[in-house]
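What follows is the residue order along each chain.
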Amino acid sequence: MNLTDVQALDNRDPLAEYREQFKLPENTIYLDGNSLGAMTTATEKHLQHVISQQWSQDLISSWNEHNWIHLPQTVGEKIARLIGAGPEQTICCDSISVNLFKALAAALALAQSHDSERNIVLSTKDNFPTDLYMVQGISHFLGQHRCQLKLVEESELQQHIDDKTAVILATEVNFRTGRRLDAKPLVTAAHEKGALVILDLAHSAGAMPVHLDNWRADFAVGCTYKYLNGGPGAPAFIYAAKRHHKAMTQPLSGWFGHARPFDFTPDYQPAGGIQQMLTGTPSVIAMAAVDSALDVFEQVNLDTLREKSLQLGDVFHQLLKEHNLDKTLTLISPQQREERGSQLSYHYEHAYGLCQALIQRGIVADFRAPNYIRFGFTPLYNSFEDIWRATEQLRQVIAEKEHLDPRWQQRNPVT
Ligand SMILES: Cc1ncc(COP(=O)(O)O)c(C=O)c1O
Ligand SMILES: Nc1c(O)cccc1C(=O)C[C@H](N)C(=O)O
C-alpha cells in the first residue's frame, strides 16, 4: 500500500472534512485521542467567550442568563445521543471514579433490596485500575458482607454470574488491549440471574455506536476527555436507566442532587430523576468546554465513524505487516475487527523507547506498562495519510535503532 493508495482512501472518506474543525499542532500526527482528545476551534472560541463575557462581565447572573445551572443536564443530553440513551437518563458531572462510587452504591442497594445475600461485584482482572480501586473502597466502607470484589478473565465474565452476584462492572473497551466486549448478551445474562450491570464507556463514547437503552444496561459511566474532546480533566458522565430512578439512592447526597437545592432546607430530599446523581457545584468552565466540543458530533453518523475507525486500524496493521514489523511488534488487540475498540496495542520489549523516539519524530502514540505501545485512531481528525506517515516513521525509528537511545531508560511520570 503506497501513499497514493491511502490518499485515495482519504478522498473517499465521508468524515474527512471534520479534521479542519480541530486545532492540531503542525507537523504532528496525533494517535493518542484515546487518552486525551484534541481541541476544536469552536471550543477555543467558546471558552474565550465564557471567560471574557460570562465570567468576567456577567458574573453571578450567568447561572441564569447563560444557563450555567443546567449545564450538567444539557451536556448530559448531548452525550445521551452518542451512547444510545433516551432523554433524562444521562448527566455530566464529576470524574469516572466518583461516578463509579455513586453507580456502585446505587446498584448494590438495588440488588440487595431484592436479595440481601447478594454481595459480589464481578469485574475483570485487566479492568482499568480505578474501577477496581473504587469497588475496593466501597468494600472497605460497607464491609465484605455487602460488597466483595471478584475478578475473572474478560472472556469468562458471563460464566461466573451466579445468585451471589449483585453487580457486574465491565469496561466495554479494555484500555490496554483495545478488546471490545459484547455488552448486550452480558446484560441479558446478568438480568436472567438477577444481577445489575454497570458499563464503563471511557473508550467507547464518541468512538463507536453504543446502545445503552437497547442493551438494557442499568448504569454506565464514561469520560469526555478522550474521544469526546472535552479537554484534560473534563467532567465525566453517568447514566442510570429510567426504570431505576424511583428506587435508586446514592450516598454522595450533595445539594445539587436535592429536589429543590435553592430552598436551602436542612434535610436531604433527592431529586426525582437522573439529577439525583449530582453532588456539588459543576465545574462550569470545564463543562462549557465539553458542551461546545460535543457540537462537532451533531451531524456525525456513528456507524460511519465506527467503520472509519476500524479501517484506520486495518490500514495501520496492514502497513506494519508490509514493513515486516508485525513479528517485532506483537499485536495484543483482537485480529477480528468487530472485537476491537478504536486502538491497536502491541507488545514490544522496547515499547517505551519506541514511543519516545516516535514522539521526537512528531508521531504521538502512548506507552502502557510494562511493555505496550498503543495507537489510538480518532476518525474525526485522523486521516489514512496520517497512518501511512506514522508507520513509515515507525519503520525508520526501528531501522535507525532510535528507540534504543539511553535517554529512554528513565520514564516520565505521566506516560
Ligand atoms: C476505562 C477507564 N475508566 C476510568 C478511567 C479514569 O477515570 P477518571 O475519570 O476517574 O480519571 C480511565 C482513564 O483514565 C479509563 O480508561
Ligand atoms: N485520565 C488520564 C490522566 O488524567 C492523565 C494521563 C492519562 C489519562 C488517561 O486517560 C489514561 C487512560 N484512561 C488510559 O486508557 O490509559
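What you see as residue numbers is a count from 1 along each chain, following the sequence as written. As a convention, the first chain written is A and the first ligand written is 1, with the rest following in written order. Reporting in this predicted model follows two pLDDT cut-offs: at least 70 for local features of residues, and 80 or more for side-chain atom pairs to be given and counted; totals over whole chains, interfaces and linings ignore these cut-offs and use all residues. Hydrogens and water are ignored here; the side-chain numbers use all heavy atoms of the structure.

Labelled according to an unreviewed UniProt entry, the protein appears under the name Kynureninase, originating from Idiomarina ramblicola. UniProt positions are given in the numbering used here, feature names are shortened, and annotations may be inferred rather than shown by experiment. Its UniProt record, at the heading Function (unreviewed entry), says of the protein: "Catalyzes the cleavage of L-kynurenine (L-Kyn) and L-3-hydroxykynurenine (L-3OHKyn) into anthranilic acid (AA) and 3-hydroxyanthranilic acid (3-OHAA), respectively." Looking at the protein in UniProt, the text filed under Sequence similarities (unreviewed entry) is "Belongs to the kynureninase family."

S.K.: Outline the sheet that holds strand β4 (residues 90-93), listing residues and values.
M.R.: Sheet strands line up and pair through hydrogen bonds in the backbone, either parallel or antiparallel. Pairing between strands requires that DSSP locate at least two bridges from one strand to the other. Elements are defined by DSSP. Helices are runs of H or I of four residues or more, strands are runs of E of two residues or more, and each kind is numbered from the N terminus. Spatially, the seven strands line up as an open sheet ordered β4-β10-β9-β8-β7-β5-β6, and their pairing is mixed. Taken across any chain shown, the strands that pair with only one partner, and hence form the sheet edges, are β4 and β6 (148-152). When strand polarity is set aside, the average angle formed by the axes of neighbouring strands in this sheet is 20°. When strand β5 (residues 120-124) meets β6, the two strands line up parallel, connected through five bridges. In the sheet register, threonine 124 faces β6, and the bridge partner there is valine 152. The strands touched by helix α7 (residues 183-192) are β7 (165-171) and β8 (196-200); relative to β8, the strand with the most contacts, the crossing angle is about 155°. Note on geometry: axes are C-alpha line fits, over the in-contact stretch for helices, and angles between N-to-C directions span 0 to 180 degrees. Working rule for contacts: check all heavy atoms of both residues, and any pair within 4.5 Å makes them a contact.

S.K.: Summarise the packing of aromatic side chains; cite the residues concerned and give the values.
M.R.: Only rings of Phe, Tyr and Trp enter the pairing, Trp through its six-membered ring, and a pair is recorded when the two centres are within 6.5 Å. The plane angle decides the type: under 30 degrees is stacked, over 60 is edge-to-face, the rest tilted. One pass over the full model with this rule turns up 13 aromatic pairs. Note on tryptophan 255 and phenylalanine 256: the rings are 5.0 Å apart at their centroids and 90° apart in plane angle, and the pair reads as edge-to-face. Each residue in the set Trp255, Phe256, Phe262 and Phe264 is aromatic and connected to the rest through ring pairs, giving one cluster.

S.K.: If you had to explain helix α4 (residues 71-82) to someone new, which residues and values would you point to?
M.R.: With twelve residues, α4 should cover 16 Å at 1.5 Å per step; its first-to-last C-alpha distance of 17 Å lies within 8% of that length. Think of it in three bands: residues with accessible area under 20% of the maximum for their type are buried, residues over 50% are exposed, and the middle band is partly exposed, with areas taken using a 1.4 Å probe on protein chains only. The complete set of buried residues in α4 reads Leu71, Pro72, Val75, Gly76, Ile79, Ala80 and Leu82. One face of α4 carries all of its buried residues, which in axial projection span an arc of 165°. On its buried face, α4 is in contact with β4, β10 (236-240), α9 (284-293) and α10 (302-322). Trailing α4 by a residue or two, glycine 84 shows a phi angle of about 65°, which is positive. One fewer than the residue count of a helix, multiplied by 1.5 Å, yields its expected span. Directions drawn from the helix axis to the C-beta atoms are what define this arc.

S.K.: Now, about the site of ligand 1: what can you tell me, with residues and values included?
M.R.: Ligand 1 sits among 13 residues. The nearest are Ile96, Ser97, Asp200, His203 and Tyr225. Polar contacts, as used here, are pairs of N or O atoms within 3.5 Å; protein pairs need one atom able to donate a hydrogen and one able to accept it. Residues neighboring in sequence count only if both atoms are side-chain atoms. A distance of 2.5 Å separates an oxygen atom of ligand 1 from a polar atom in the side chain of serine 97. At 3.1 Å from an oxygen atom of ligand 1 is found a side-chain nitrogen or oxygen belonging to tyrosine 225. Only the protein chains shown count as cover for residues, with accessible areas throughout obtained via the Shrake-Rupley method and a probe of 1.4 Å. If ligand 1 stood free it would expose 400 Å²; the protein chains cover 84% of that surface. Among the elements of the structure, α5 (96-114) and α6 (129-142) are those that each provide at least two residues to the shell around ligand 1. Nearness is defined per residue: one heavy atom within 4 Å of the molecule or strand is enough.

S.K.: I'd like to hear about the UniProt feature "binding site: pyridoxal 5'-phosphate" (unreviewed entry) in the protein, residue by residue, with values.
M.R.: Taking the numbering used here, the UniProt-annotated feature "binding site: pyridoxal 5'-phosphate" (unreviewed entry) corresponds to Ile96, Ser97, Phe128, Pro129, Thr130, Asp131, Thr171, Asp200, His203, Tyr225, Trp255 and Thr281. In summary, the annotated positions, distributed over 186 residues, remain apart in three dimensions as well, the widest C-alpha pair reaching 30.5 Å. Inspection of the secondary structure puts threonine 171 in strand β7. Residue classification places threonine 171 among the buried residues on the basis of a relative accessible area of 7%. When residues no more than four places from it in sequence are discounted, the contact partners of threonine 171 are Asn127, Asp131, Leu181 and Asp200. There is a polar contact of 3.5 Å between the side chain of threonine 171 and the side chain of aspartate 131. With respect to the helices and strands, aspartate 200 occurs in strand β8. On the basis of relative accessible area, aspartate 200 is assigned to the buried category, the value being 3%. Beyond its immediate chain neighbours, meaning those up to four positions away, aspartate 200 contacts Ile96, Asp131, Ala170, Thr171, Glu172 and Val221.

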